[in-house]
Amino acid sequence: SLLPVLIYPSKRTDSTETSITKFKSLPSTTMVDLSFCFWVKVNHLAGAKIVHYELNDTKGFGITLQENYGFLNLKVVDLLFDYTTPHIPDRWRHFCAVYDSSVESVTVYMDGKVTFEKLDVTALAGTEF
């Protein structure tokens, strides 16, 4: 089932705060593989938690964006990724993250280009979201 996400508030403010996502409904089945994409426009990147779902030290997933790099959290693993282009405040960006459990691979896309890819992330084997 799809997880609806709010990415940006309907009214523009002068605040440097970035809105965060809220999941409207959660899946009732166990997730094995995962892919999610989102558009985001942020004013200020100082540890902006963009997407977080049930994230703790043993399960869940999330993306946090910093000024010069981002973090992808999957289950028990934290992965650092660089951007394909520098962050420009107030500009729309498109990100996708894909986890394929059959080969334990993680890929992050930024604006349609691969910005991070790792195969055989064995720490993820046998863990649940």
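In the block above lies the structure referred to throughout.
Residues numbered from 1 in each chain as written. Predicted model: local features only at pLDDT ≥ 70, side-chain atom pairs only at ≥ 80, totals over all residues. Heavy atoms only, no water.

Caption draft 1: Fine view of the sheet that holds strand β7 (residues 105-110). Read from one edge to the other, the open sheet built from four strands follows the order β1-β6-β7-β8, with strand pairing classed as antiparallel. Lying at the two open borders of the sheet, with one neighbouring strand each, are β1 (34-40) and β8 (113-118). Geometrically, the sheet is characterised by an average inter-axis angle of 10° between neighbouring strands, direction not taken into account. Bridging between β7 and β8 involves five bridges; their strand directions are antiparallel. Note on β8: the bridge partner recorded for Thr-107 is Glu-117. (Pairing = 2+ DSSP bridges. Helix = DSSP H or I, 4+ residues; strand = E, 2+ residues; numbered from the N terminus. Axes fitted to C-alpha atoms, helices over the stretch in contact; angles between N-to-C directions.)

Caption draft 2: Up close: the state of the cysteines. If you walk through the whole model with that rule in mind, you get one disulfide. Between the sulfur atoms of Cys-37 and its disulfide mate Cys-96 the distance is 2.0 Å. What sets the handedness of the Cys-37 and Cys-96 disulfide is the S-S torsion sign, and at about 110° it is right-handed. Of this pair, Cys-37 sits in strand β1 while Cys-96 sits in strand β6 (residues 93-100), and the two are 59 residues apart along the sequence. (Disulfide = S-S within 2.5 Å.)

Caption draft 3: Just the packing of aromatic side chains, in detail. Under the defined criterion, the tally for this structure stands at seven aromatic pairs. With 6.2 Å between their ring centres and 75° between their planes, Phe-81 and Tyr-83 make a pair best called edge-to-face. The buried category is assigned to Phe-81, whose relative accessible area is 1%. Since its relative accessible area comes to 14%, Tyr-83 is described here as buried. Counting every residue linked through ring pairs, the aromatic cluster contains Phe-36, Phe-38, Phe-61, Phe-81, Tyr-83 and Phe-95. (Phe/Tyr/Trp six-rings, centres within 6.5 Å; stacked < 30°, edge-to-face > 60°. Buried < 20%, exposed > 50% of the residue type's maximum accessible area, 1.4 Å probe, protein only.)

Caption draft 4: Quick peek at the pairing of β7. Within β7, five of the six residues are buried, leaving the element largely enclosed by the surrounding structure. The loop that links β6 with its antiparallel partner β7 comprises four residues; one of these, Glu-104, has a positive phi angle of about 50°. Hairpin connection from β7 to β8: two residues lie between these consecutive antiparallel strands, with Asp-111 at a positive phi of about 50°.

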